[in-house]
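# A look at the structure
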Amino acid sequence: MELKICHLYPDVLNLYGDRGNIACMRRRLEWRGIGCAVTELPLGTVDDLTGYDLFFIGGGQDFEQTVLLSDLNAGRRDDIRAAAEDGKTFLCICGGYQLLGRGYRTADGEWCDYTGILDFVTEGSRDRMIGNYAFRLGPESGGGVVVGFENHGGRTRLGSGLTPLGAVLKGCGNNGQDGTEGVRYRNVFGTYSHGPVLPKNPAFCDGILLSALVRKYGGAELAPLEDAAENAARRYMLNRLHVTE
Amino acid sequence: MKKLRVFLACLASRLTRWGIRLLGRGGTSLPGKVALRICPDLLSVLGRGVDTLILTGTNGKTTTAGMLRHMLDTAGTDYLSNRSGANLKSGITAEFIQNAAITGRMKKKLAVIECDEGNFPAVVEALQPRVIVVTNLFRDQLDRYGEVSHTREYLYQGIRKAPAATVCLNADCSLTASLGWDVPNEVVYYGVDGVSSDAEPNVSDAPHCLACGERYAYRRHTFAHLGDWYCPGCGRSRPAPAVAAESVEPVPGAGSRIVLRTPEGERTVELALPALYNVYNALSALSAARAMGWDTDACAESLRDFGAVFGRMESMKIGDTPVQVVLVKNPAGCDRVLEYLASLGEDVFPVFCLNDNVNDGTDVSWIWDADYEALFAKRAYESIGVWGIRAEDMRLRLKYAGAEDASIRVFATLDELADAVARAGKPAVVLPNYTAMLTVRDKLSTLAGKSRFWE
C-alpha cells in the first residue's frame, strides 16, 4: 500500500510549523510499512491532481494568500473541487481552510473571492484569536479530543448544510461564538489548529490517513503504534487546559 | 509640575528596583513600568540630549549590541545600554532612569539600545535616535506580532517617526532592505558579497516581492532567505551594500577572517565568533559604528577579542564538564545552531530546552519548522536531554526528526538537568529558548561560578 500526498502551495502556505503535519503522516505510514510519496506543488506549477490520494494545504500570511488567487483562478480551483467531490482526503489548516470557502471580508470591508468549494464565509477582524485550544471531533471524525494552537483574525461561519469538524472545548474555534471548530465535508478536514495539529493527536492523524487508504483500497487497517511521546505531549496540554478525554 | 512628575517617577522606579533586589529577583522591567505609569512621556524627557543608537530585528540584536558595547569599552567611552536584554519600552525606560540623577538629569550622553520590534515605534518616537540598525527579519514569536509582514510594518512605522535618523539595513534580507524603499531617511545598506552557498535558498519567510507579488529569484544565496535577491517581476533587487564583507574565510576553532569594504577603503577584520550569522552581526555593528561617526578601524580591530554575549554562545565549565549554552528562539537561528551542533561530532550531550512564556512566544509550533531532521540524519546521540515547560513537545519533535525516543531523557526539574550535565562525562551543549535560557543559565553558571545576569 502507498499514499501519494500532495502538499499544495508549500512556498506560500507554510506558516506555523505546518510541515510537521507532513512529517507526522509520513512517519506514521512508514512505521507501519506503508509507502508514502510527498509531492510539493508550489504556486504556478501545472500538474494533474487526479493521481494524488491526500492533499495538504497549510496556513499563510494575509499578504501571501492574495498572491494565491490568480493561481486558483487559472484552473486549479476546479481541480481541487473535483478531487474533493471524488472523496479524496484533504487536510486544510487555517488559511488553507479559509480558501475552501466562498470568500473573505477584510476588517476594512473589502471582499475577496476564494474558491467557493464549500459554503462558508470568513470575516476578518483586528482582534486575533490566539492560544492553545481543544475541541471534540464530531462522531464522523472519530469523536476524540484534539489539542492545538489557534492564531487567526478571521471568523468563519459555516453555511447551514455544512458539518463542523468538532465542538470547541477550550478556546475560540471558527468564530469564538457558535462553539464550532473547522469543517468536515466528505473526506475534507478543515481546521484552525496549527501547532502542528497531527503529532500530538495521533488518533486524528490515523483517522485522516485511514480515510485516504479506504478511499484508495476499499478497506484498510492501521496497526497500533507506540505513542508514548505523542500521548505525553498531548496529556500535558489536556491537563493544562483542564480538558478530559 | 513636569519636574515633580519626573522626580516622582524616578523615585518610584528606584524604590521598586530596590524592593525587587531585596527579594533577590532579577526584575528588569517593573521599575520602568511603574515610572511610565507616573510620567508617561518619561522616556522622551530623559532621552533628550542623549546621542542614541537603536538596534532592532529578529535575530542578532543582543550580539550586535554586545559588539557595539565592546567597541565603546575598548575606546574607553562612557555610555548606557540595556545589557540585560530587557528590550521593551519599560525595560529601556528603567535603564535610562538607572543612569539619571533623581531629578531626571542624565549622567550619560550616549546610549546603545536594543529594542523589541513591537515596541520599536514607541521607543523611536520617544528617543529620536541618530542611528537605527535593523539586523534582519525572520519568523519569530508569531503569536505576539501576528505575522512577519506585520513585524515589518512596525519597523516601517518606527523609522518614519525619526526621519532625521540614519538607517542601517541588511541588504541581503529582502524584508529588511524593503524598509528603505519609501522613507525620507538617509539609508546605509550592508551585506555579504563573497559567500555563496550550494544549498537551495529556504525562502519561506519571504518568498514574494512585497511590491508586486512575484516570486523572488537569487543570483547568490548565503542562508535562509538571505542573499543577492531580485524580483523578475518589477526589477527591484538587493541594493548595493556600502558596507560589505568582500570575502569571509572561516578560521577553525577561532572565528572568521573578513575582508571589509566601506566607502573609506578595505581592511581585514578578525572576528572571534564562528559562523556566518555572526559575520552579519559584525556588519550591522560596523555600519552602525560608522554611521555614529566612531573610528571604524578601531571598532573593527576590537572585534578580534569579542567573546559571546550571555546565553548566545557561552562556554563554562562545571567540574570537568565543558558546557556551552546557545540561545535558540526561531527556525532560522535554530538551523544555524543545529549545524554547529552537528559539527561537534557525536561525543556530546545535547540538551534541548523549550518554554512557552510570553517572552518566548506562547506558540511553540516553530520547532517543527526548524530542521532537526538534518541533525539526526548525520548524528545519533547516546543520550539526549529535554527540559522546560514544553519539554514533552520538544521530545515529540525530536522523535519525529529521527531521534531514538528511548535515548531522550525528560528532566522534570532544573536540578535533574544540572545533575545530568555535571555527570555527562562529555561536553554538554544546551540549546534553550529565551526564558529557558535565563533560568538554565542562572542554574548552570551558579554551579560554574559565574555571575547572575543582572549583576
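Residues numbered from 1 in each chain as written. Chains lettered and ligands numbered in written order. Predicted model: local features only at pLDDT ≥ 70, side-chain atom pairs only at ≥ 80, totals over all residues. Heavy atoms only, no water.

### Digging into the overall build of chain B
When helices and strands are tallied, chain B shows 16 helices and 17 strands. Relative to its full complement of 455 residues, chain B shows a buried share of 61%. Sequence separation of at least 24 residues holds for 69% of the intrachain contacts in chain B that already meet a minimum separation of 6. Of the roughly 17,000 Å² that chain B leaves accessible, carbon and sulfur atoms contribute 50%. Positive and negative side-chain charges of chain B, numbering 51 and 53 respectively, have mean locations separated by a distance of 8 Å. (Helix = DSSP H or I, 4+ residues; strand = E, 2+ residues; numbered from the N terminus. Buried < 20%, exposed > 50% of the residue type's maximum accessible area, 1.4 Å probe, protein only. Contact = heavy atoms within 4.5 Å. Areas by Shrake-Rupley, 256 points an atom, 1.4 Å probe, with all protein chains shown as cover. Lys, Arg positive; Asp, Glu negative; His and termini not counted. Charge placed at Lys NZ, Arg CZ, Asp CG, Glu CD.)

### Some points on the domain arrangement of chain B
By a widespread convention, an interface's size corresponds to the accessible area lost as its parts come together. Residues and elements named next belong to chain B. Split into domains, chain B comes out as domain 1 (2-186 + 275-305) and domain 2 (314-448). Of the residues lining the interface, twelve residues belong to domain 1; the matching set on domain 2 comes to 15 residues. Together, the buried faces of domain 1 and domain 2 total about 950 Å²; carbon and sulfur atoms form 43% of this surface. Across the contact surface, domain 1 and domain 2 share one salt bridge. Notably, a salt bridge pairs Arg139 with Asp369, separated by 3.5 Å at the nearest N-O pair. Inspection of the domain 1/domain 2 interface yields two residue pairs in polar contact (both at pLDDT 80 or more). Looking at the side of domain 1 that touches domain 2, its residues break down into two nonpolar, five polar and five charged. (Domains from an automatic or database assignment. Buried area = accessible area lost by both parts, 1.4 Å probe. Salt bridge = Lys/Arg side-chain N within 4 Å of Asp/Glu carboxyl O. Polar contact = N/O pair within 3.5 Å; in protein donor to acceptor, adjacent residues only side chain to side chain. Nonpolar A, V, L, I, M, F, W, Y, C, P; charged D, E, K, R; others polar.)

### What about the sheet that holds strand 11 (residues 166-170) of chain A?
All names here are of chain A. Strand order in this open sheet of four strands is 9-8-11-12, and the pairing throughout is antiparallel. Strand pairing shows two members of the sheet lacking a second neighbour, strand 9 (145-152) and strand 12 (180-181), which therefore form its edges. Pairing between strand 8 (residues 129-137) and strand 11: four bridges, direction antiparallel. Within the sheet, the bridge partner assigned to Leu137 lies in strand 11 and is Gly166. Strand contacts of helix 5 (residues 228-240): strand 8 and strand 9, with the helix running at about 70 degrees to strand 9, the strand carrying the most contacts. (Pairing = 2+ DSSP bridges. Axes fitted to C-alpha atoms, helices over the stretch in contact; angles between N-to-C directions.)

### Digging into the confidence of the model for chain B
On average, chain B scores 90 in pLDDT, and the residues at 70 or more come to 94%. Segment residues 451-455 of chain B is flagged for pLDDT under 50; beyond a separation of four residues in sequence, or across chains, it makes 13 contacts in the model. (pLDDT = per-residue confidence, 0-100.)

### Observations regarding the nonpolar core
Membership of the largest hydrophobic core comes to 187 residues, with the highest contact counts inside it found for Leu68, Phe96, Trp294, Phe352, Tyr372 and Leu398 of chain B. With ten residues, helix 10 (residues 276-292) of chain B is the largest single contributor of residues to this core. (Core = buried A, V, L, I, M, F, W, Y, C linked by side-chain atoms within 4.5 Å.)

### A short note on the pattern of salt bridges
Overall, the coordinates contain 46 salt bridges over all chains when judged by the stated rule. Notably, a salt bridge pairs Arg130 of chain B with Asp51 of chain B, separated by 2.8 Å at the nearest N-O pair. You can see Arg130 of chain B sitting in the loop between helix 6 (120-127) and strand 4 (131-134) and its partner Asp51 of chain B sitting in strand 1 (residues 51-56), a full 79 residues away along the chain. One salt-bridge network, held together by shared partners, links Arg28, Arg32, Asp206, Asp227 and Glu230 of chain A together with Lys399 of chain B.

### Some remarks on the environment of Val147 of chain A
All names here are of chain A. As for its position among the elements, Val147 is in strand 9. Look at Val147 and you get buried, because its relative accessible area is 1%. Expressed as a C-alpha distance, the spacing of Val147 and Leu72, which sit 75 residues apart in the sequence, is 31 Å. Among all residues touching Val147, those that are not within four sequence positions of it are Tyr133, Ala134, Ser193, Val197, Lys200, Asn201, Met237 and Leu238.

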